[in-house]
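A look at the structure
What follows is each chain in one-letter form.
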Amino acid sequence: MEDSVSVKSSDSTAVSDEFEIINGQTVVTASSLPQLKIAGDGSLEGLWQCLGEMLKEDIDNTQKEEMSVDENDEVEHSQNENIEELGDVHQDCTIFNGVSYLGAAAINAPKSDTEIQRNMVILNESIVEAIKVSISIPSCSDGSVVLYDGITNSVMQRYEICRILFYAHGKPNSNEAACFAFTWTHGDTLESSIFQCHVFRCDIPEAVGQVSACFMKAFQRVPKSLSTSINGELPTEGELLSNIGNIQVFVLDLTMDIKEDDGKGNFNAVPRDRSCFKLRCNIEKQVCLTITQVATEGQKKLEVKRCFGVLIAPGKHVKHSDMQLLDMASMGSEKVDDTSYVITGLWDPKDAAFELLNTETEGRDKKVYLTVAVDLVVRGITEPVRLLVETQVRVYHQGERFWYFTRRPLIQPFSLNLKEVMSLDNEPNYEVVSIETSGEIDRSRLNLTLNNLASYIRSPSITSMDTLTPRDDYNSDGDEPLLSGTGNVSKDCSVSDLESWRDVLTKWSGARPRQLGPLVRQGIPEALRGEVWQRLANCDSDTAVMDNYRILITKESNCEAVIQRDINRTFPAHDFFKEGSGGGGQDSLFRISKAYAVHDTEVGYCQGLSFLAATLLLHMPEEQAFCVLLKVMYDYGLRELYKDGFECLRLRLYQLNRLMEEQLPQLYHHFQDKGVESHMFASQWFLTLYTARFPLYFVFHIIDVFLLQGTDTLFQVALALLTMCKKDLLQLDFESILKYFRVTLPKKCRNYEVARGLMKVACCIKVKKLKKYEQEFLDMKGKFSKYCFNEFCLCQKQKK
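The notes below deal with the structure included here. (Residues numbered from 1 in each chain as written. Predicted model: local features only at pLDDT ≥ 70, side-chain atom pairs only at ≥ 80, totals over all residues. Heavy atoms only, no water.)

**A short note on the pairing of strand β25 (residues 410-421)**
Alignment of strand β14 (residues 247-261) against β25, held across ten bridges, turns out to be antiparallel. Across the sheet, D253 pairs through a bridge with P413, a residue of β25. For β25 and strand β26 (residues 429-436), the ladder comprises seven bridges, and the chain directions are antiparallel. Note that in β26 the partner of K419 across the bridge is E431. (Pairing = 2+ DSSP bridges. Helix = DSSP H or I, 4+ residues; strand = E, 2+ residues; numbered from the N terminus.)

**Focus on the packing of helix α13 (residues 585-599) against helix α14 (residues 607-617)**
Taken N-terminus to C-terminus, the directions of α13 and α14 make an angle of 125°; their axes are 10 Å apart at the nearest point. Relative to α14, the element α13 is oriented oblique. The handedness of the crossing between α13 and α14 is right-handed. Side by side, α13 and α14 meet where S588, L589, I592, S593 and Y596 of the first sit next to L609, S610, A613, A614 and L617 of the second. Considering only residue class, the contact of α13 with α14 consists of seven nonpolar, three polar and no charged. (Axes fitted to C-alpha atoms, helices over the stretch in contact; angles between N-to-C directions. Parallel < 35°, antiparallel > 145°, perpendicular 65-115°, else oblique. Left-handed = near helix turned anticlockwise from the far one by under 90°. Contact = heavy atoms within 4.5 Å. Nonpolar A, V, L, I, M, F, W, Y, C, P; charged D, E, K, R; others polar.)

**Notes on the environment of E115**
Relative to the assigned elements, E115 resides in helix α3 (residues 113-126). Residues E115 and C197, spaced 82 residues apart in sequence, show a C-alpha to C-alpha distance of 9.5 Å. At 2.2 Å, the side chain of E115 and the side chain of R118 are in polar contact. (Polar contact = N/O pair within 3.5 Å; in protein donor to acceptor, adjacent residues only side chain to side chain.)

**Some thoughts on the sheet that holds strand β19 (residues 304-314)**
Ordered by their spatial adjacency, six strands build an open sheet running β16-β17-β24-β23-β19-β20, and the pairing between neighbours is mixed. The two strands at the open ends of the sheet, each matched to only one other strand, are β16 (272-273) and β20 (324-325). Where β19 and strand β23 (residues 368-378) come together, nine bridges link them in antiparallel fashion. If you follow V310 over to β23, its bridge partner there is V374.

**Some thoughts on the packing of aromatic side chains**
For the structure shown, the criterion picks out 30 aromatic pairs. On the basis of an interplanar angle of 75° and a centroid distance of 5.9 Å, the ring pair of F250 and Y430 is categorised as edge-to-face. Taken as a pair, F250 in strand β14 and Y430 in strand β26 lie far apart in primary sequence, 180 residues in all. Taken together, the ring pairs connect Y101, Y159, Y167, F180, F182, W184, F200 and F215 into an aromatic cluster. Above the ring of Y369, the side-chain terminus of K316 is found at 4.3 Å from the ring centroid. (Phe/Tyr/Trp six-rings, centres within 6.5 Å; stacked < 30°, edge-to-face > 60°. Lys NZ or Arg CZ within 6 Å of the ring centre and 35° of its normal.)

Written out as structure tokens, the structure reads:
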């Protein structure tokens, strides 16, 4: 028997050796034994003949098996027409007309999306006349895909769903956008199996989406896991304990972003505030999902083989039949790393099924629900795994401009309770007992045992800025220093302030508006800080860095042990960063610190950076915080302070000394008399941007101004602090001065009005001579180097 198309190797180079591109045409070469053989040179008669031969062999085998069961069953075969009359097939199904059968190809990798797409391209370009057929797709996994003759409606072939291994459709906006294919196993045993890839083309390209939806429904067995993933209820402790010994728990994090077309060919993340995505009408969208396994050391890693589809529907608790399958831009067939998979679906809001999600939401506080489901095929799990998310959205006019928003992706953890079952290949196979999603999971307890699994409780996904628990010594004037991360920050903002910011942010499309500077120097309202910081740093739309962050956190770093050791020391007074508090801050801080160490190998990890990273994490998700951190380090020059043996830090300290000598001469000479050098108190200020020790309100206000005007802020704040404490410092000796900087000075900034007044003074201090002092430092450095060189030469002469 000769198949209509036969591919002997799945290796891309082997296939390409048999073709040449001449004047844009694909030509078969005869230089060697071909690996792609098209019967009858791709003619319609040749395809009919080969298909008939294949059908004849299938029917002969079927007759031998069925004659012993029922002698009255007869199958008629027409040798002249090479068409098999199998009679009517009764099943609940959907039939598609206007389909062309392009042929079949033997394939060695039946589950390789890349190999299937390659065969789809070859057949679509090579076959001139295809067979007109109708295709019937069953509504359940017990049926068969049935192929009918497009003219006579006679049954040509049946493909049992249980033998179909993979389905794929052509890539959008390609020549194969109207094509789809599936792979089918032909044979009774693994040794005798032949895998075939059958390729089809729809006369109407838009029909491919409906075909894909029907295949998805046919593959879906609707296991218990799908129902439990909707209600999100944990199994009882008795149910879990009854399965002790063969249940394993795996945790998957699903991160979801919704992006909209910016009109320039790019997709940017939409705003999300208070757990609500803000969408605009009639703009094409993408649903971007990242699946990440959170595994403990030694735990088996689940391998997501592919995503079968992403479905969405308006509302919550929706029926499966009401969900719509999205066209896929990325099926997640290629994993980003060992534990993360990125899946992207294209969403046309003008589709009638999405009318509710494309209609402006009426009422100021009204929202609608969006349900998103992703179906995953996971190696070793006997049924599809569905992760289901329900979130709120609000729909605005197409031309809406958001004057304040936060780009915060939705992150939802899922616990997969899997029961190990027997397998023939001695590899661990599992069936899904249940899938739960019950809020944020305490990552420190991922050494999951069945005895403590039922004790999981819900915990907030992010701690509010108002949920601070300052230590008793916050208002104390004792000898204990103020803990980092201390202080309440109010989110209250007057109507007039909000109106002023509204006007500025509405005008802020490129260059900074003139009114922005005075507003920032007064202090950005807490509710707006996350968004304004990103825009000041010019990274509010830097999606490439954010996407790269998800890859960086999966890589190893030799700094991990040091980072883990320092986590508890960063903002210990803040609930979000307390160990075991459920805030999740320590995990986020570890990831962002490690990601930076991997990204910037020259600087690596320095403890001072963790305070800055923690400050950013209090106002934005990890990806955005990492992006702002990179901007501060590279564009604002903070990383220069950490390089080359802290040479740039020495320059900054020299500049501070000269500014003190110029503006605070009495204090400068007092420090010289007592032996107090600027590095003893200012090094930590500069390296951490004042984020360590000082109360949070003061810290946030400093970051406001620093992101507005840059390095000058370091000196202005230092001089303002020294000016405020000048009288106290002039009365102290060496040890008392150092203790004053460590304990007393930060506590003086606890009062809101004092901190606000300090920043007002700081913004008025002039530091115009910084360039002059920098040149002085470089000249001194050059003279010192020359002196050292001359001394070295003199010593060598004396030795001789």
